[in-house]
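Spelled out, the chains give:
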Amino acid sequence: MFFIAYLVHELSRRRARTLTALACIAIATGLVISVTAIGDGVNATQSKVLTPLSAIGADLIVTREADPNNPHGSTEVLQQNAEAVKTDLAQLGKPGDHFTRDFFLPGTQLTMPTATAQQIAGEAGATASSAALAMTITHQEGTVPKIVATFQTGGQTINIDQAIAPMTQAEINATNACIAALNGSPLAPPPGSPPGKTGTAPPTPDQINTCLPERFRRFRATIVTPQQTITQVLNPPQTDIKSNSLSVLGIDTVNTPGPLSVAQISSGRFFSADPGAAAKEAVLSEAYATHHQLTLGSSVAYNGQSFSVVGTARSVIGVQSADVFLSLPALQKLASQDGNANVIFIRLRQGSDLDAAIHRIEAAYPGFRVTSNRDLANRISGSVAQAGSLAQKGSRLLALIVFVVTVLFVSILSWAGVHSRTRELGTLRAIGWSRLLLVRQVLSESLALSLLGAVFGSALGLVAARALQAWLPPLTASLATASTDSGQFGLGNLAPAIGSTATLRIEVIPNTDLVLAAMALAIAAGVIAGVIGTLLTARVQPIQAVQRLT
Amino acid sequence: MSEMVYELSAVSRTYRTGSALIEAVKSVDLAIDGPGLVVIQGRSGSGKSTLLQMMGGLDRPDSGEIRFQGNDLARLREGKLTQLRRLAFGFVFQAFNLIPTLSAAENVEAAAAPTGGGSSERRRLIARLLDEVGLTSRARHLPSRLSGGEQQRVAIARALVNNPSVLLADEPTGNLDSRTSAEIISLLSRLSAERDLTVVVVTHDPAVAAQATRRLAMEDGHLAEIPFTSPLAGEVGFPSPLAGEGDPAA
Ligand SMILES: Nc1ncnc2c1ncn2[C@@H]1O[C@H](COP(=O)(O)OP(=O)(O)OP(=O)(O)O)[C@@H](O)[C@H]1O
Ligand SMILES: [Mg+2]
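Residues numbered from 1 in each chain as written. Chains lettered and ligands numbered in written order. Predicted model: local features only at pLDDT ≥ 70, side-chain atom pairs only at ≥ 80, totals over all residues. Heavy atoms only, no water.

### Things to note about the overall build of chain A
Part 1: Looking only at helices and strands, chain A has 17 helices and 20 strands in total.
Part 2: Across the 550 residues in chain A, those meeting the buried criterion constitute 44%.
Part 3: Long-range pairs, those at least 24 residues apart, make up 85% of the contacts in chain A with a sequence separation of at least 6. (Helix = DSSP H or I, 4+ residues; strand = E, 2+ residues; numbered from the N terminus. Buried < 20%, exposed > 50% of the residue type's maximum accessible area, 1.4 Å probe, protein only. Contact = heavy atoms within 4.5 Å.)

Shown next, in the form of C-alpha cells:
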C-alpha cells in the first residue's frame, strides 16, 4: 500500500525530526506513567493504612473491655479469666527437674462465649462475622523450684489459771495422816487433840506435796506445747525460670472476616479448609518466624501440643496481629477457654449505616467496645498520614502539565514539519492529490508517531517505575496506643512482638489502566498535534508546488 | 472545432503584493486544437509561468475562460479541478519537485496512488514508464542520488502515469546542462508524437523551440504566435524574447 509506505519512509527517512517527536512523546508518556504511579502508590498505601479493617474485609471489631467501674460484672469475668492462669507448680515435676510450661493469659480483652459473639453480629446486621481469641502465652522454662518452706512451731509455755475443786473431808484426813507421818503439823488439827511433838524438823513443801491428792499435784506442773514442723507452699516460688511472652490468636479458619486474611499470607498457605486438619496447623507472623528461625514445615508446641507451621503472614498495621495464629478450637482447648472468644470481626451489608450498627451494639451490649476504620485512622500518624491524597493530586497535576507541554511541543514540531514540506505537499496537490488525501496522510504520520511514542513511553514508564520503586524512601505509619486504651483492639499490649510503627514500601507498579490512560494521552497529544499540522496542510495550494517558501 | 484541447479567451491574472498590482497575464486568447509540442517563449517576468499554471489547474484566472474538455477551469469547483490535475494534466516542474523521501518508482506511484486500482498492475505500468524514460536501473534510488536529468525523467514518468491528455512543463531544462536538456526535449517531443499528447513547454531554450510544432511568445502579459516562416519573434510586432540569447538561425 503506497500511503503506508510513504508514511513509513517519511518517518524513517526524516530521522532527526521523527526521533525528536518520538522522544518527546515517549518521555512524556513515561513521565505520566511513573509520576502517576508514584502518586497512586502513595495514596493506595495511605488508604490501605487508614482503612486497616478493609484489608481484612471487616467493617467493625467488637471487644469486651475490662472496666472496674462497669457494673456488668467485668471484674467477675476477670476473675474467671484469672482462674485459667492458676497453675499447680507441684504438677510440674519434682524439684530440680527441667520443665517447660505455657501459661495462657487473656490480657485485658475479656472473653465471652462465642454464642454472644454471634448475637452481637446479628445485632449489628452483619453479613459475615467470625470470632477470635487473642491471648498472650507466657512460656516458662527452667528447673522445677523447691516450692516448699519448713517452719518450726511449738515450745511455748502455757499458764493455766483454773479453779480446782476443794478437798473432801476424806482427802483432808488422808493428807493430815500423811503429813503427820512425816512429823509435820497437820493442816487442821482435830479439836481437843494434844499439841504435837516439838523438836523434830518440819517436812519440806515437796514432801507435803506428795501428800496432796493427785489432782493438785498435776496442775502444778509446767505445760510445754509440743514442737511441730509445718510445710507451706511458697508464692511466688523463687526459681531460675526463664520466661518469655508471645501473642497468639485463635481464629475462625472457615468464616471471614478475621484478623488473618488469605491475602496476608506471604509464604506457604492459609489454614486447611478442613477444621480437623486446621486444628493441627499454625501460621506465624513473618517477624516471629524470622526471629525464631522457623520455616514452613517447622513445628511449634505449647504444653506438649504440637502444631505444624503451614504459612507465614504479613501484618496489617492497625489490625491486631499475633506472633502465632492457631485455629480457634485449638487455642480454646489449650487455654482452657472452651467456647470462648474475645474479639468479634463483623462485615456489614454493603451500604449499611456504620454508625447505626455501632450504636445498636453499644446500646444492647454495655461493656463492649466497637472499633471501626475511623477510630483506627484517627490514631495513625507518620509520613503516610500526610502523604496520600496530596501526592495523588500532585502527581495528577504534574501529569497534566507534562501532557500540556507535550501537546505544545509536538504541535510545534508538527506545524514546523508541515511548513517545511509546503512545496512537497503543494506538489502532491498539483499532481492530483485531494485536500482530504493530503490531510489524511499528514494526520496518520502524527498518529503513527504518537502510537510509537506511546509504546516506547509505556516501556520507559514501566522501567522507570521499577527503578523508582527501589529508590523511593519508604513511608512510615505509627499507631497511637493511649494508655487508657490499653485494651482497645489494635496494636496494643497484646502484640508484644509487633511494633506499632511500620515502614511501608510505596508500590510503584503501574496498573494496566494507568498504562492505557497514559497511552491514550500520548495518542491524544499526537491527534492534537496532527490536527494543528492538518490545519496548515489543508491550506496548502497546488500553486505552492512552484512558489518559493515565504 | 469541438475537438479543441484548449480554448482560452480573455484570460487575465493580476497579483496583489501589498499595495502593488502586477498584471502578469493580460487578456490572453489561445486555442490549441490537437497533439503537438507547443513552446511558449518570452522574457523573464512576462507571465509565461502564470499562464501555464492556469492552464494546468494550479491557479485560476481573475477573469476570462479556460475551456478544457468542456469545463471552464476558471470556475470549476476544487474537487473537479483536482480530478483534472490528476487524470488529464501532467505537470513537469523546473525544480523537478520530487518527494525527497520516496524512491524514483515511489515518486511515480505517488501520482498513481490516488486513482486507486490494482497495485501489481500499477507496478508494471510504473516499470514500463521508467523504462520508457530510460531509468529502469534507478527505480529504487532516492531523488538525492539521481542527477538532475534523471530526476526530471522521473518527474516526466510521474506526469505520464495517469495517461493524461496534456503535459505541461515549465522550463523543464532550466536546471540542466545543454546536453541533458537536449535529451529531455527529444524525450518530450517523442512522447508527444507517440502518445498523441499535447505538450506545452515554457522555455528560454532555443533548442527546445527548434523542436516545437508551434511557437508562442509572451510579452508583458500578452501572448502572440511566432510564425514558422520566421525564426525571429520580433517579426510578429514586438521585440523578440530570444533577442538576448542569440538567434538559433543565425
Ligand atoms: N505569486 C506571485 N505573487 C506576486 N507576483 C507574482 C507572483 N508570481 C508571479 N508574479 C509576478 O508576475 C509576473 C509574471 O511572472 P511569471 O512567473 O509568470 O513570469 P515568467 O514569464 O514565468 O518569468 P520567468 O521566465 O522568470 O520564469 C512577474 O512580474 C512576477 O514578479
Ligand atoms: Mg517562469
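### Concerning the site of ligand 1
Part 1: Surrounding ligand 1, one finds 15 residues, the nearest of these being Ser44(B), Gly45(B), Lys48(B), Ser49(B) and Thr50(B).
Part 2: Residues near ligand 1 are shared among chains A and B, making this a multi-chain site.
Part 3: Measuring from a nitrogen atom of ligand 1, one finds a side-chain N or O atom of Gln547(A) at 3.4 Å.
Part 4: Within the side chain of His204(B), a nitrogen or oxygen atom sits 3.2 Å from an oxygen atom of ligand 1.
Part 5: For ligand 1, whose unbound accessible area comes to 630 Å², protein coverage reaches 67%.
Part 6: Elements that contribute at least two residues to the shell around ligand 1 include exactly strand 1 (6-17), strand 2 (20-32) and helix 1 (48-55) of chain B.
Part 7: If you tally residues by element for the shell around ligand 1, the top one is helix 1 of chain B, at three residues. (Near = heavy atom within 4 Å. Polar contact = N/O pair within 3.5 Å; in protein donor to acceptor, adjacent residues only side chain to side chain. Areas by Shrake-Rupley, 256 points an atom, 1.4 Å probe, with all protein chains shown as cover.)

### Here we look at the confidence of the model for chain B
Part 1: The share of residues in chain B with pLDDT of 70 or more is 90%, and the mean pLDDT across the chain is 87.
Part 2: Across the interfaces of the predicted complex, the ipTM metric reaches 0.90, alongside a pTM of 0.65. (pLDDT = per-residue confidence, 0-100.)

### Section: helix 6 (residues 169-181) of chain A
Residue and element names in this part refer to chain A.
Part 1: Between its terminal C-alpha atoms helix 6 stretches 18 Å, which fits the 18 Å expected from 13 residues at 1.5 Å a residue.
Part 2: Of all the positions in helix 6, only Thr 175, Asn 176 and Ile 179 are classed as buried. End-on, the buried residues of helix 6 take up no more than an arc of 100 degrees, which puts them together on one face. Residues Ala 170 and Ala 181 are exposed on helix 6 and point more than 90 degrees away from its buried face. (Expected span 1.5 Å × (residues − 1). Arc of directions from axis to C-beta.)

### Side note on the packing of helix 15 (residues 422-430) of chain A against helix 16 (residues 435-471) of chain A
A pair of packed helices is characterised by two quantities: the angle between their axes and the separation of those axes.
Residue and element names in this part refer to chain A.
Part 1: Interaxial distance between helix 15 and helix 16 falls to 9 Å at its minimum, and their mutual angle equals 140 degrees. Two packed elements cross with a definite hand, and for helix 15 against helix 16 that hand is right-handed. In this structure, helix 15 uses Leu 425, Leu 428 and Arg 429 to contact helix 16, whose residues at the interface are Arg 435, Leu 438 and Val 442. (Axes fitted to C-alpha atoms, helices over the stretch in contact; angles between N-to-C directions. Left-handed = near helix turned anticlockwise from the far one by under 90°.)

### With respect to the side chain of Asp170(B)
All names here are of chain B.
Part 1: Relative to the helices and strands, Asp 170 is located in strand 7 (residues 166-170).
Part 2: Buried charge without a partner: Asp 170 forms no salt bridge, and the closest opposite charge is Lys 48, 7.1 Å away.
Part 3: Side-chain polar atoms of Asp 170 contact the side chain of Ser 49, separated by 2.7 Å.
Part 4: Apart from residues no more than four positions distant in its own chain, Asp 170 is found in contact with Ser 49, Leu 52, Gln 53, Val 92, Phe 93, Gln 94 and Val 202. (Lys, Arg positive; Asp, Glu negative; His and termini not counted. Salt bridge = Lys/Arg side-chain N within 4 Å of Asp/Glu carboxyl O.)

### So, the confidence of the model for chain A
All names here are of chain A.
Part 1: Here chain A averages 80 in pLDDT, while 79% of its residues score no lower than 70.
Part 2: Per-element confidence in chain A ranges from a low mean pLDDT of 58 for helix 4 (residues 74-83) to a high of 95 for helix 15.
Part 3: Confidence drops under pLDDT 50 across residues 482-499; counting only partners more than four residues distant or on other chains, this segment forms 48 contacts.

### Comments concerning the pattern of salt bridges
All names here are of chain B.
Part 1: Evaluated as defined, the whole model comprises 23 salt bridges over all chains.
Part 2: A salt bridge links Arg 60 to Glu 78; the shortest N-O distance between them is 3.7 Å. You can see Arg 60 sitting in the loop between helix 1 and strand 4 (63-68) and its partner Glu 78 sitting in helix 2 (residues 78-87), a full 18 residues away along the chain.
Part 3: Its relative accessible area of 25% is what places Glu 78 among the partly exposed residues.
Part 4: The closest approach of N and O atoms between Glu 109 and Arg 122, which form a salt bridge, is 3.1 Å. Of this pair, Glu 109 sits in helix 3 (residues 104-112) while Arg 122 sits in helix 4 (residues 119-132), and the two are 13 residues apart along the sequence.
Part 5: Exposure remark for Glu 109: the relative accessible area of 9% places this residue in the buried category.
Part 6: The exposure class of Arg 122 is buried, given its relative accessible area of 10%.

### Thoughts on the interface of chain A and chain B
Part 1: The partner chain B presents 24 residues to the 22 residues of chain A that form the contact.
Part 2: Interface area for chain A against chain B, summed over the two sides, is near 2100 Å², with a carbon-plus-sulfur share of 65%.
Part 3: It is Phe2(A), Ile431(A) and Ile543(A) in chain A that bury the most area against chain B; as a group they hold 28% of the surface buried on that side.
Part 4: At the boundary of chain A and chain B, one finds two salt bridges. (Buried area = accessible area lost by both parts, 1.4 Å probe.)

### Observations concerning the pairing of strand 12 (residues 299-302) of chain A
Residue and element names in this part refer to chain A.
Part 1: Along strand 12, the buried face is formed by Val 300 and Tyr 302; none of Ser 299 and Ala 301, which line the opposite face, is buried.
Part 2: Sheet analysis places strand 12 next to strand 13 (residues 305-313), joined by four bridges and oriented antiparallel. Each residue of the ladder has a partner; that of Val 300, found in strand 13, is Phe 307. (Pairing = 2+ DSSP bridges.)

### Here we look at the sheet that holds strand 1 of chain B
Residues and elements named next belong to chain B.
Part 1: Taken together, the four strands give an open sheet; going across it, the order is 2-1-4-5, and neighbouring strands pair in antiparallel fashion. Both outer strands of the open sheet, strand 2 and strand 5 (71-72), are each paired with one neighbouring strand and no more.
Part 2: Here two bridges tie strand 4 to strand 5, and the two strands are oriented antiparallel to one another. Within strand 5, the residue paired with Arg 67 across the bridge is Asp 72.

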